[in-house]
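The primary structure of each chain is shown beneath.
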Amino acid sequence: MASEKTKAILEERRANTAARTAELEAQGYHAEDATVSIVKANIMAFLVGVPFLAVFVLLFWLLHPGVLFWEDINGPGKSFLLLVLLALSVPIHEGFHGLGWVTFCKDKWKSIQFGVMWDSFTPYCHCREPLSVAQYYVGLFLPCTMLGWIPCILAVIFGSGFWLIFGLMGILLAGGDLTIGCIIFKYLGKDARILDHPDQCGAVAFKRG
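This is a predicted model, so every value here is computed, not measured. (Residues numbered from 1 in each chain as written. Predicted model: local features only at pLDDT ≥ 70, side-chain atom pairs only at ≥ 80, totals over all residues. Heavy atoms only, no water.)

**Regarding the nonpolar core**
(1) Moving on: Ranked by internal contacts, the top residues of the largest apolar core, which has 24 residues, are F56, F69, L82, C152, L164, L168 and I171.
(2) Moving on: Sorting the residues of this core by element identifies α2 (38-63), α3 (76-102), α4 (133-158) and α5 (161-173) as the ones contributing at least two each.
(3) Moving on: Once you skip the residues sitting within four places of it in the chain, L164 turns out to touch F56, F60, F69, C152 and A155.
(4) Moving on: One finds C127, Y187, A192 and I194 within the second-largest nonpolar core, a separate group that totals 19 residues. (Core = buried A, V, L, I, M, F, W, Y, C linked by side-chain atoms within 4.5 Å. Buried < 20%, exposed > 50% of the residue type's maximum accessible area, 1.4 Å probe, protein only. Helix = DSSP H or I, 4+ residues; strand = E, 2+ residues; numbered from the N terminus. Contact = heavy atoms within 4.5 Å.)

**What about the pattern of salt bridges?**
(1) Moving on: Counted according to the given criterion, the structure contains five salt bridges.
(2) Moving on: Close ionic contact of R14 with D199 constitutes a salt bridge, the shortest N to O distance being 2.7 Å. Of this pair, R14 sits in helix α1 (residues 2-26) while D199 sits in the loop between β4 (192-196) and β5 (202-207); the two residues are 185 residues apart in sequence, bridging distant segments of the chain.
(3) Moving on: On the basis of relative accessible area, R14 is assigned to the partly exposed category, the value being 33%.
(4) Moving on: The partner of D72 in a salt bridge is K78, with the nearest N and O atoms 2.9 Å apart.
(5) Moving on: The partly exposed category is assigned to D72, whose relative accessible area is 21%.
(6) Moving on: Residues joined by salt bridges that share partners form a network here, namely E11, R14 and D199. (Salt bridge = Lys/Arg side-chain N within 4 Å of Asp/Glu carboxyl O.)

**Brief notes about the sheet that holds β5**
(1) Moving on: As summarised here, the arrangement of the three strands in space is β1-β5-β4, forming an open sheet in which the pairing is antiparallel. In this open sheet, the two edge strands, each paired with only one partner strand, are β1 (30-35) and β4. Strand after strand, the sheet turns through a mean of 25° between neighbouring axes, direction not considered.
(2) Moving on: Both β4 and β5 contribute to a ladder of five bridges, which runs antiparallel. Its bridge partner being in β5, I194 is matched across the sheet by A205. (Pairing = 2+ DSSP bridges. Axes fitted to C-alpha atoms, helices over the stretch in contact; angles between N-to-C directions.)

**Remarks on the environment of S37**
(1) Moving on: The residue S37 is located in the loop between β1 and α2 in this model.
(2) Moving on: Residue class for S37 comes out partly exposed when judged on its relative accessible area of 43%.
(3) Moving on: Within the structure, the side chain of S37 is placed 3.2 Å from the backbone nitrogen of K40, a separation counted as a polar contact. (Polar contact = N/O pair within 3.5 Å; in protein donor to acceptor, adjacent residues only side chain to side chain.)

**Looking at the packing of α4 against α5**
(1) Moving on: Axis separation between α4 and α5 bottoms out at 7 Å; the angle between their running directions is 150°. Relative to α5, the element α4 is oriented roughly antiparallel. As α4 runs across α5, the sense of the crossing is left-handed. Mapping the contact onto sequence places C144, L147, G148, W149, P151, C152 and A155 in α4 and W163, L164, F166, G167, L168, G170 and I171 in α5. (Parallel < 35°, antiparallel > 145°, perpendicular 65-115°, else oblique. Left-handed = near helix turned anticlockwise from the far one by under 90°.)

**Notes on α4**
(1) Moving on: Taken as a whole, α4 carries its principal kink of about 50° at T145.
(2) Moving on: Just beyond α4, the residue with positive phi is G159, at close to 70°. (Bend = angle between axes of the 7 residues up to and from the residue.)

**Observations regarding the packing of α3 against α4**
(1) Moving on: In the contact formed by α3 and α4, the axes pass within 7 Å of each other and the chain directions differ by 150°. Seen along the crossing, α3 lies across α4 with a hand that is right-handed. Contacts from S89, I92, H93, F96, H97, L99, G100 and W101 in α3 reach Q135, Y136, V138, G139, L140, L142, P143, M146 and L147 in α4.
(2) Moving on: A class-by-class count of the residues in the contact of α3 with α4 yields eleven nonpolar, six polar and no charged. (Nonpolar A, V, L, I, M, F, W, Y, C, P; charged D, E, K, R; others polar.)

**Brief notes about α5**
(1) Moving on: For α5, which comprises 13 residues, the first-to-last C-alpha distance of 18 Å matches the rise-based estimate of 18 Å (1.5 Å per residue) to within 8%.
(2) Moving on: Turning to α5, its buried residues number three or more, namely G161, F162, L164, I165, F166, G167, L168, G170 and I171.
(3) Moving on: Against α2, α3, α4 and α6 (175-183) lie the buried residues of α5. (Expected span 1.5 Å × (residues − 1).)

Keep in mind these numbers describe shape, not what the thing actually does.
In structure tokens:
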């Protein structure tokens, strides 16, 4: 049943994408693929995310020499709390995507879809409206900012190994978002629109000129 529901959702997304494509092409835009395979996305997510991890760990050690940050989660209480927070951060991550994109959507929350792809147990947030690259970046990077970069910055400032680990995991979980950001970077500052791809990792980019 879940599989049938997933198929119905994907068909509706594809229909929406086709309609949006027709509208934009009538305005002089042409569609370009801005997707990446799952395998390549995972590799790129690691390559893009690791430098951020290295920077924050290095800063932590420089500002708090001798402090072993992983010792801050020793004990069943802290370890369990970290696991709970990380589990909660998965749906919250998707919520931040929606919160960032809805600001720029004409139809507001009607254009934001939340759900779970039960075949792969993957939660998602899908934006049904094409946005400028800058607008798309806001929703794309908001989860990493709120759950990754900010916790890491605060952890480095206050010497909290607990929040450093939480933030590092937040950055890793946002590796796919960072990868998509790299893919569409070439459209930044140009007359372009970005639309979530209906069933692949990435987006459809519409460029004019």
